[in-house]
Amino acid sequence: MAQLWGGRFTKETDKLVYNFNASISFDKRFYRQDIRGSIAHVTMLAKQGILTEEEKEQITDGLNGILRDVENGSLPITDEYEDIHSFVEANLTARIGDAGKKLHTGRSRNDQVALDMKLYTRDEVTELDGLLRELLEVLLILMKENTETFMPGFTHLQKAQPITLAHHMGAYFEMFKRDRQRMKDIYKRMNLCPLGSGALAGTTYPLDREYTAELLGFDGPTLNSMDSVSDRDYLIELLSAMSTAMMHLSRFSEEIIIWNSNEYKFVEIDDAYSTGSSIMPQKKNPDIAELVRGKTGRVYGALMSLLTTMKGIPLAYNKDMQEDKELVFDAIDTAKGCLALFIGMLRTMKFNAERMEESAKHGFTNATDAADYLVKRGVPFRDAHGIVGQLVLCCIEKKIALDDMTLEEFRAISPVFEEDIYDAISMKTCVETRNTIGAPGKAAMEKVIAAEEAYLAENPKLQR
Ligand code: ARG
């Protein structure tokens, strides 16, 4: 049992207590950030004359050696240490002797862990942003290729009005664009350095906190040492933003599952992204989409857990906060994994354009346009609504689409109909005439595509 304290204790820690308290099994994940923070800390201590240049060199070399050996596998991080901080410090002292014991001057594990977690999640925010950007790129390609791929738009899962696949993909583009904006906001708000806050009340050493912040790529130091060691808002914000992104992925997955069903057949998921059944040979299941939908609950759970953990914690640091790590790590891994798989699935998925257009035709999605046709010829909308209602009933009886009715049949219900009704209710016209910005018409859609393209060009992946 290797721990960083014990001077005032007369008994060994009970083994169960030790294990319950230890965090090395999960905080070993940020060994790189821990070492990076320590190097910045000693660099600042030397600049301030708190350590000599020679001590700084020794410590820095020692830390870089540990980093190298952990990375090349010759120094495994084992459970005999309480946490990653103890592991690094113990190994440093074993390697360079007494100078290693000076590393922790003017620092507490409370500001150290606050820093490590921030450095770790800051990197992950950039990763998440990159994946979201990749998803947007795939969506943009689909939008460009499908401005004339007609399909039914739904409300209540009932065919409503015709749209295009470009328009449908554009809806998701907006959602994931907002998810990216949230990542950017979180990055900006969290990017202040807690190091130098000590256990809770700063330190008596003349630390230069601005300098450490700068060395670690922060916009500046945090402004209250109690808040610095006990702030987990940025993790809650990240969990919330990831939950929202997962909610979007889950809705999209749900649609893909429906579209992939035998009844719809709007899409075909690539063999590489679907699975079979052990008993029913004909099956090709959308497991990836189902798993993404399922894992969404897991990310929501992490958000609820951390909010609950934080709600009763008095200032400043309390050990409850150690619970943030497994939750956040799991949620990040889950969200990143889901995004990566979803991108691959979407990129390789085939859309059945013919089937989609057929479906739009046979669902009376042009009924509103038939009513509008009458309105343009002076029929009051309420009457037009009634007339088209009768047309639909007639079609249902004959099992045909509106476009399949003869002009005589149209005129039998209303003499206002002329030969041009066919053009007015064709799928192409229905969509093409909806050209207010944000609507599915090709001209409107092309403007939006240009705007989204400009957005992507102006918003490259967030940099570490
Ligand atoms: N493992 C702890 C955590 O994750 C590190 C901080 C420990 N600080 C302390 N005073 N025990 O929060």
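The text that follows walks through the structure, step by step, so that each part is easy to find. (Residues numbered from 1 in each chain as written. Predicted model: local features only at pLDDT ≥ 70, side-chain atom pairs only at ≥ 80, totals over all residues. Heavy atoms only, no water.)

## Topic: the pattern of salt bridges
Using the criterion set out here, one finds 35 salt bridges in the structure. Two residues, E148 and K428, come together in a salt bridge whose shortest N-O distance is 3.0 Å. Pair noted here: E148 is in the loop between α6 (109-145) and β1 (150-155) and K428 is in helix α18 (residues 427-432), with a separation of 280 residues, a long-range link. Salt bridges sharing common partners tie together E148, K428, E432 and K442. (Salt bridge = Lys/Arg side-chain N within 4 Å of Asp/Glu carboxyl O. Helix = DSSP H or I, 4+ residues; strand = E, 2+ residues; numbered from the N terminus.)

## A few points about the site of the ligand
Around the ligand sit S23, H85, R109, N110, V113, Y317, K319, Q322 and K325, and that is every residue in its neighbourhood. With respect to the ligand, the side chain of S23 contributes an N or O atom lying 3.1 Å from a nitrogen atom. Between an oxygen atom of the ligand and a side-chain N or O atom of K325, the distance comes to 2.7 Å. Protein contacts shield 86% of the accessible area of the ligand, which totals 340 Å² for the unbound molecule. In terms of residues, the shell around the ligand owes the most to one element, α6, which gives 3 residues. Looking at the shell around the ligand residue by residue, the class counts come to 2 nonpolar, 4 polar and 3 charged. (Near = heavy atom within 4 Å. Polar contact = N/O pair within 3.5 Å; in protein donor to acceptor, adjacent residues only side chain to side chain. Areas by Shrake-Rupley, 256 points an atom, 1.4 Å probe, with all protein chains shown as cover. Nonpolar A, V, L, I, M, F, W, Y, C, P; charged D, E, K, R; others polar.)

## Side note on empty space enclosed by the protein
Under the counting rule described, the total for this entry stands at 1 cavity of 30 Å³ or more. Roughly 50 Å³ of internal volume is contained in the largest cavity. What lines the largest cavity is simply L128, L132, M183, M242, A245, M246, L249, A335 and L339. Put simply, the parts of the chain that give the lining of the largest cavity at least two residues each are α6, α10 (233-259) and α12 (324-348). Across the lining of the largest cavity, the residue classes tally to 9 nonpolar, no polar and no charged. (1 Å grid on protein atoms, 1.4 Å probe; cavity = no way out; pocket = protein on both sides within 12 Å on 5 of 7 lines; lining within 4 Å. Points joined across faces, edges and corners; volume = space filled by probe spheres on them.)

## What about the packing of α10 against helix α11 (residues 287-310)?
Between α10 and α11, whose axes approach to 8 Å, the crossing angle comes to 160 degrees. Judged by the angle between their axes, α10 and α11 are roughly antiparallel. Regarding α10 and α11, the two cross each other, and that crossing is left-handed. Of the residues contributing to the contact of α10 with α11, the split by class is 17 nonpolar, 5 polar and 4 charged. (Axes fitted to C-alpha atoms, helices over the stretch in contact; angles between N-to-C directions. Parallel < 35°, antiparallel > 145°, perpendicular 65-115°, else oblique. Left-handed = near helix turned anticlockwise from the far one by under 90°.)

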